[in-house]
4 protein chains.
Amino acid sequence: MMNDRAYALFEEQQKDRGISLSEAKEKLKALKIETPSWGYGDSGTRFKVFQQEGVPRDPFEKMEDASVVHKLTGICPSVAIHIPWDRVDDYGKLKAHAEQLGLAIGAVNPNLFQDDDYKFGSVTNVKAAIRQKATEQLLECVDIAKQTGSKEISLWLADGTNYPGQGDIRKRKNWMYECLAEVYEALDDDMRLLIEYKFFEPAFYHTDLADWGMAYNLAQKLGPKAEVLVDTGHHAQGTNIEHIVAYLLDEKRLGGFHFNSRKYADDDLIAGAHNPYELFLIFSQILDACRDSDPNVRKTAEHISYMLDQCHNLEPKIPAVLRSVMNVQTQFAKALLINFDEVKKAQEDHDVLAAEAAIREAFEIDVKPLLCAVREEMNVPPDPLKAYAESGYAEKILARGKGGASW
Amino acid sequence: MMNDRAYALFEEQQKDRGISLSEAKEKLKALKIETPSWGYGDSGTRFKVFQQEGVPRDPFEKMEDASVVHKLTGICPSVAIHIPWDRVDDYGKLKAHAEQLGLAIGAVNPNLFQDDDYKFGSVTNVKAAIRQKATEQLLECVDIAKQTGSKEISLWLADGTNYPGQGDIRKRKNWMYECLAEVYEALDDDMRLLIEYKFFEPAFYHTDLADWGMAYNLAQKLGPKAEVLVDTGHHAQGTNIEHIVAYLLDEKRLGGFHFNSRKYADDDLIAGAHNPYELFLIFSQILDACRDSDPNVRKTAEHISYMLDQCHNLEPKIPAVLRSVMNVQTQFAKALLINFDEVKKAQEDHDVLAAEAAIREAFEIDVKPLLCAVREEMNVPPDPLKAYAESGYAEKILARGKGGASW
Amino acid sequence: MMNDRAYALFEEQQKDRGISLSEAKEKLKALKIETPSWGYGDSGTRFKVFQQEGVPRDPFEKMEDASVVHKLTGICPSVAIHIPWDRVDDYGKLKAHAEQLGLAIGAVNPNLFQDDDYKFGSVTNVKAAIRQKATEQLLECVDIAKQTGSKEISLWLADGTNYPGQGDIRKRKNWMYECLAEVYEALDDDMRLLIEYKFFEPAFYHTDLADWGMAYNLAQKLGPKAEVLVDTGHHAQGTNIEHIVAYLLDEKRLGGFHFNSRKYADDDLIAGAHNPYELFLIFSQILDACRDSDPNVRKTAEHISYMLDQCHNLEPKIPAVLRSVMNVQTQFAKALLINFDEVKKAQEDHDVLAAEAAIREAFEIDVKPLLCAVREEMNVPPDPLKAYAESGYAEKILARGKGGASW
Amino acid sequence: MMNDRAYALFEEQQKDRGISLSEAKEKLKALKIETPSWGYGDSGTRFKVFQQEGVPRDPFEKMEDASVVHKLTGICPSVAIHIPWDRVDDYGKLKAHAEQLGLAIGAVNPNLFQDDDYKFGSVTNVKAAIRQKATEQLLECVDIAKQTGSKEISLWLADGTNYPGQGDIRKRKNWMYECLAEVYEALDDDMRLLIEYKFFEPAFYHTDLADWGMAYNLAQKLGPKAEVLVDTGHHAQGTNIEHIVAYLLDEKRLGGFHFNSRKYADDDLIAGAHNPYELFLIFSQILDACRDSDPNVRKTAEHISYMLDQCHNLEPKIPAVLRSVMNVQTQFAKALLINFDEVKKAQEDHDVLAAEAAIREAFEIDVKPLLCAVREEMNVPPDPLKAYAESGYAEKILARGKGGASW
């Protein structure tokens, strides 16, 4: 078999490089990537949402699609939900449905940007009553998390302004803190609040939580259960995201990721599709932190929640999610092959070329043999996309018709 | 009267600077800014369109709103329309309605981005049948222009791709040319095709008409009736738009503008609200070209179509349009006060500071006295926004309710 | 006199707007802008430093040039110095020379980027000996500050890397803290450490202090004498600088500014020359904070150190500095004319258009009459640039020849 | 031997994918990458040029270093020169020296940015005498090309302005054309003029040749011997460079590349070090054009001049050049493995995922076995960097000391 020969050669080559595949395999099996319920529904741009046939019509069907992704990859056992998009009468029923499918409910994502009341801000609204309403909606999410067994609230606020003068930036900052302090209090001790930031959109002048510094400072003030969530599409052009990742790891405040890729703004494309090296470098920082002498840095690095947060405007949803998951897995696998001892040695020698080469070498490796081996050991198909194409699921869901869930 | 004293002082100050107000006034009276029918309707981001009460429900009501803007400013006598958004059974009737309101139908803007068939491209679609459909829709727009007395087709294509490999870039380029050549042939001799370009969105990997160079080259190939339209929000960060304007003027290929402002991407905010100096510098290039020794450069500069193209996601539509028009008028007025002889003199002396100061000085002037005087002579209110607030029109249109036209 | 009439009218107009000029004048007289010794010397790009005749040959001559700027503006009484560029044998003598010229020594700026030892980092270098050397150079600067009566160390670190893997980001972060903690200890109680950040350059992959968040977090850890310094040219494209300013004010951690303008990267052009509205909006946030109910926010806003940090690659140095000072003063004056009560009222009403208009209105005012009046009361020339041109100083310094100080 | 097994497996895998290695090998052997004489000298940022021991002291030593790169890679047989940096008394002697080393003189790069006369522009200077001087310097370069057997003039102009008003943009545009038309006339029929553009730096307001559109339009006007040169670091953030490449190929106006990589501005880092996928996508467009039905498109794609244009500020020069060459070769090799028939098929089916996957699949392949095999067949070392380290050349050139050539 060609695959066996490829793996044998791969193993030999890695051994030569001083890399143990058994450890890499363990880490690959332990990797978990949460998929978002809204990733299975219709989405688009402000210009047009093209509807696809077969998108799920309710949270239960979204779970079914997500379970297909998990069955084919083995590494997507939880599903993030959006409230109110995924509001149901009986969360126990949704949880049971998920569990039956081999899934758990993941992060609960409050949506505070589509109610007319939030037009000028939710937790940063100048009107106390609206801030109160927003706080209650956040508390509802904490409650839903408790009902569904979720341990995470993933908070992205669309709050901001479009014009100078529109809002009182400092007051809004303080109002946000007040609301979130109330929410923080409601968290169980084993829950966490993941605070996401964004450079711009939908606010076009100032965004209340505009960058990692604002999210971090807020988390610091709230307490140890609050951490920062990095969405890879939410930065200014040129921003060194892996630097931010390293920084937050060192501060023990990195809680999670929303993966997606972009070339321009928050394009929300398939993770790893554009500039895949960036995703690899993010993982190189995380894996480096897993070797830190400080156990709290290590613990932070090991407890990061990896989630997708994407729009599939043109392509069919389930294979696009599969592809994203596989892209993330691929870059993670490559980063596992970095010889960090070599990197450190070169750093100590001020040997720029050797240090760069030691990182880059791992990126150039084709990890398909490793991933095939891991998938085999996990009893999932070696090529999840092919398996999906052959499964007949895509054809089956066409019966749902057009006009399913969208965001 | 304070206003009279202000104007007297203003006139004296400008005389001292060697600026004749009579010429400035003539140019201010001749300035025309076209407003877009869609600017009066609901718009938003991909996250949410907040509906406003009172937005027009059909093209006829849009004309009514536009006529209010023209009545209050005196400089907005035409209205751009979007097809199919403004499709009506009888364009003669729409034209008559507009004329009764003192308006003309302006540029016809084909919309080739919301039909399901155009999901993967319109005139650049790999399927010949779809390209043919798109061409026919463009020809329909030429026909509508002829029916409504419009002399301009304003073409923005959303065509592009989201991922490497998705499209054959070179073939798409040639298909586009083929379609537009057919459309070009249908134009009357006194019509023009304005070709707009855009850096990105809704396409997130490549946009078929991505920059001025692609639009310009296409216009060159099509012929003298094709010109470039510059939308101020459609460039990469940092792009020197006034340089592009000067360049296109020199090539006699600048046909029009879509004004709006932005801080990040194509934010489509009120024109002149962000970085107003940029708008002033654009006009400084245009007015400089009006003094060129080449009559064809002068003619190009004098025949530019100025149009707004904006979204008013949060603010009420009509006053936002008024404000935009006034911002454009204000920066145009300031640019009229540049002493170009001083600029040229400093340029010849390599006197960087004096050259910069000669341009900047005009920007620092408060042109309210000049605008008040011009408005008085034009029999429009000195403060159009105040006049609108007092007119009762905003209250009157509330009867239209929510859920009017949107894009 | 036209000027008197202009001022009378101006006063009346402002009174009508509810603005008291006496308060504005007091604030304008209290404004201080520090000029940098290196701004008077030669500078350029990596491609070429064009030498100018007459640039100062030593720190003493730099003080002389700076004193001319202060004499002509009345608001530039201190001069920032760079060590080692401004190293002298006897700092008492430099201080005395400055005082004789009516100047004080301002912020001491350690230069940790031109010694060969710092090629791979100064306080973040992997070699302990080099970190120690850098720390000692910082301590030398603290000592120089004490000798010259300066109360500020203004710290910009060029430290960073060009390639992935080149440096251990987390270790470098901790080394930096260790070094600066030692420096912090050496500060007198009335001194402060201003920590500057920069997006990129000269490091092209990661910069150890890359953004406000990293500078702020470091300041938090060091203690109350450490504050953040904002250089207006050190951000990613599109960054909302005034938001950062407001944020740091609310956190009581904004210590100072390096003013300059840019269109692309850290272009270090004349302050306020590009996008002057941004400078105005920065001041609008500061002046708004001066009205905060929290006395500590007010105190922070009132104790900001304003400094220029620019390169005059093409234009003569002294008039370029004058122009920069005047641009800053102009935007500050405009911001003083904001009717903040109107802004707040509109914010409370969610009246986006009125709020934006209340801010923008002040920007559109021509403040020349106000500045003339203030200059007259301060006994400085109404037009500092004209006075400089007529002073003969530019001709006098030509005797210095070419080849003076550069950076 | 592991390498043999790796190659055998590689060949089998590619055969399975329908890729013939014999064709790929031919193309890899035919690939030529020109190295720049200035890449071997000292360079830095405006903050500091760190001098390295052993950099060449004159053009002859630069050739020697370049010959080492060619000996080790087999694909760098020509060297670009910069005038006046590489001005020598006897170009015949320089040519002979190069030839003895197995090299040819490549593109002649006029430097019109370091003479004091060019401070305010060279071919766009308002002074006719300076434009004339610049033209003569360009003609000198044409003459040097003729003397050295070079067939290319590679023109990058630093011309531009720092402030609005500083220059007359339209006049400068026309002056540039006039000068270059004169230079164009001097070209032999088998020579070409490669016109490079740049977004910004050293000019910080407007750059006379700011983008591909301006370079292309100029080339169109000059004639068929003028083509556009793309420097990968000279674009606004986010620009889709491969789109520009495809566009210029379709117009038969793409003449050459300056390779280097960047994260921020024109960082001039090792080619392919940052975002290597971009380099791969550029080659994917070129190789796609090599299959075009239009023989002129094919011819254009096959006659592109590939050159490096980089600064090695921190790392040793020769290995950094080697690494750059190998990075370019690697991405070229990967692009050769794209199954374009699959891509086209997916495009025709509007199968976004399959099209993207067909491109991406090739990027994920580890091409080391292929490169080793090619190098073996070319009689160069399988690992050029290792061979260089073992060659003793780095130690030998230390005798040159510090302070060699720089730019």
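Just so it is clear, the structure is predicted and the values come from calculations on it, not from any experiment.

Novice: So what about the overall build of chain A? Which residues, and what values?
Specialist: Counting its regular elements, chain A contains 16 helices and ten strands. In terms of overall dimensions, chain A is globule-like: its C-alpha atoms have a radius of gyration of 21 Å, near the 22 Å expected for 407 residues. Considering only C-alpha atoms, chain A reaches an extent of 65 × 55 × 40 Å along its principal axes. Residues counted as buried form 70% of the 407 residues belonging to chain A. Of the contacts formed within chain A by residues at least 6 apart in sequence, a portion of 80% connects residues at least 24 apart.

Novice: Lay out unusual backbone geometry with the relevant residues and their values.
Specialist: Looking along the chain, the bond that leaves C:Glu201 and enters C:Pro202 is cis, with omega of 5°. Among the secondary structure elements, C:Pro202 is positioned in the loop between strand S6 (192–196) and strand S7 (206–207). D:Ile83 connects to D:Pro84 through a cis peptide bond whose omega is 25°. Here D:Pro84 lies in the loop between strand S2 (78–83) and helix H4 (91–100).

Novice: Lay out the interface of chain C and chain B in plain terms, naming residues and giving numbers.
Specialist: Across the contact, 39 residues belong to chain C and 38 residues belong to chain B. Interface area for chain C against chain B, summed over the two sides, is near 3,200 Å², with a carbon-plus-sulfur share of 55%. Our enumeration of links across chain C and chain B arrives at six salt bridges. Ionic pairing is found between B:Arg5 and C:Glu12, a salt bridge with its closest N-O pair at 3.0 Å. Inspection of the region where chain C meets chain B yields eight residue pairs in polar contact (both at pLDDT 80 or more). Among the secondary structure elements, those contributing two or more residues to the side of chain C that touches chain B are helix H1 (2–16), helix H9 (276–289), helix H11 (317–336) and helix H13 (352–364) of chain C. Classifying every residue of the side of chain C that touches chain B by side-chain character gives 17 nonpolar, ten polar and twelve charged.

Novice: Outline the UniProt feature "domain: Xylose isomerase-like TIM barrel" (unreviewed entry) in chain A, listing residues and values.
Specialist: UniProt annotation of "domain: Xylose isomerase-like TIM barrel" (unreviewed entry) refers to residues 92–268 of chain A when read in the numbering used here. In the segment residues 92–268 of chain A, helix accounts for 39% and strand for 18%; the C-alpha atoms at its two ends are 31 Å apart.

Novice: Now, about the pairing of strand S9 (residues 254–259) of chain D: what can you tell me, with residues and values included?
Specialist: All names here are of chain D. Of all six residues making up S9, six are buried, and the element is well covered by its neighbours. Sheet topology places strand S8 (residues 226–231) next to S9; four bridges connect them, and they run parallel. Across the sheet, residue Val 228 finds its bridge partner in S9, namely Leu 254. A crossover connection joins S8 to the parallel S9 through helix H8 (residues 241–250); in handedness this β-α-β unit is right-handed. Here S9 runs beside strand S10 (residues 305–308); their pairing, made up of four bridges, is parallel.

Novice: Go over the interface of chain A and chain C with me, naming the residues and quoting the values.
Specialist: With 55 residues of chain A at the interface, the matching set in chain C holds 55 residues. Together, the buried faces of chain A and chain C total about 4,800 Å²; carbon and sulfur atoms form 57% of this surface. Taken together, the links from chain A to chain C amount to 34 residue pairs in polar contact (both at pLDDT 80 or more). Looking at the side of chain A that touches chain C, the elements with two or more residues in it are helix H6 (169–186), strand S7 (206–207), helix H7 (212–222), helix H8 (241–250), helix H9 (276–289), helix H12 (340–348) and helix H13 (352–364) of chain A.

Novice: Break down the pattern of salt bridges for me, with residues and values.
Specialist: Pairs can form between side chains of opposite charge once their charged atoms are near each other. Taken as a whole and judged by the stated rule, the model has 165 salt bridges over all chains. Here C:Asp168 and A:Lys344 are joined by a salt bridge, their closest N and O atoms 2.6 Å apart. Within this pair, whereas C:Asp168 is found in the loop between strand S5 (160–161) and helix H6 (169–186), its partner A:Lys344 is found in helix H12, the two belonging to separate chains. A:Lys344 sits in the buried class, given a relative accessible area of 16%. Here the residues in one salt-bridge network are A:Asp168, A:Arg170, A:Lys171, C:Asp288, C:Asp292 and C:Lys344, joined through shared partners.

Novice: Account for the packing of aromatic side chains, with residues named and values stated.
Specialist: Inspection of every chain in the model, using the stated rule, returns 82 aromatic pairs over all chains. Ring centres of C:Phe200 and D:Tyr264 lie 4.6 Å apart, and the angle between their planes is 5°; on these two criteria the pair is classed as stacked. With C:Phe200 in the loop between S6 and S7 and D:Tyr264 in the loop between S9 and helix H9 (276–289), the pair connects residues from two separate chains. An identical accessibility class is assigned to C:Phe200 and D:Tyr264; each is buried. On the basis of an interplanar angle of 55° and a centroid distance of 5.8 Å, the ring pair of D:Phe259 and D:Phe283 is categorised as tilted. Of this pair, D:Phe259 sits in strand S9 while D:Phe283 sits in helix H9, and the two are 24 residues apart along the sequence. Relative accessible area serves as the criterion here: at 0%, D:Phe283 is assigned to the buried category. Sitting over the ring of A:Tyr277, A:Arg360 keeps its end group 5.2 Å from the ring centre. Above the plane of the ring of B:Tyr118 lies B:Lys133, whose end atom (NZ or CZ) is 5.6 Å from the centre.

Novice: Explain the relation of the copies chain A and chain C residue by residue, including any values.
Specialist: Once chain A is rotated about the relating axis by 180° and shifted along it by 0.0 Å, it coincides with chain C to within an RMSD of 0.0 Å. Both chain copies can therefore be described as sitting about a two-fold axis. Within chain A, the C-alpha atom positioned nearest to the axis of rotation is that of A:Gly213, 2.1 Å from it. Interface overlap between copies is the fraction of interface residues in one copy that are interface residues in the other; for chain A against chain C it reaches 100%, indicating a shared surface.

Cut-offs applied
Residues numbered from 1 in each chain as written. Chains lettered and ligands numbered in written order. Predicted model: local features only at pLDDT ≥ 70, side-chain atom pairs only at ≥ 80, totals over all residues. Heavy atoms only, no water. Helix = DSSP H or I, 4+ residues; strand = E, 2+ residues; numbered from the N terminus. Rg over C-alpha atoms; globule rule 2.2 N^0.38 Å. Buried < 20%, exposed > 50% of the residue type's maximum accessible area, 1.4 Å probe, protein only. Contact = heavy atoms within 4.5 Å. Buried area = accessible area lost by both parts, 1.4 Å probe. Salt bridge = Lys/Arg side-chain N within 4 Å of Asp/Glu carboxyl O. Polar contact = N/O pair within 3.5 Å; in protein donor to acceptor, adjacent residues only side chain to side chain. Nonpolar A, V, L, I, M, F, W, Y, C, P; charged D, E, K, R; others polar. UniProt positions renumbered as here; feature names shortened; annotations may be inferred. Pairing = 2+ DSSP bridges. Right-handed = clockwise from strand over helix to strand, strands pointing away. Phe/Tyr/Trp six-rings, centres within 6.5 Å; stacked < 30°, edge-to-face > 60°. Lys NZ or Arg CZ within 6 Å of the ring centre and 35° of its normal. Least-squares fit on C-alpha atoms with pLDDT ≥ 70 in both.

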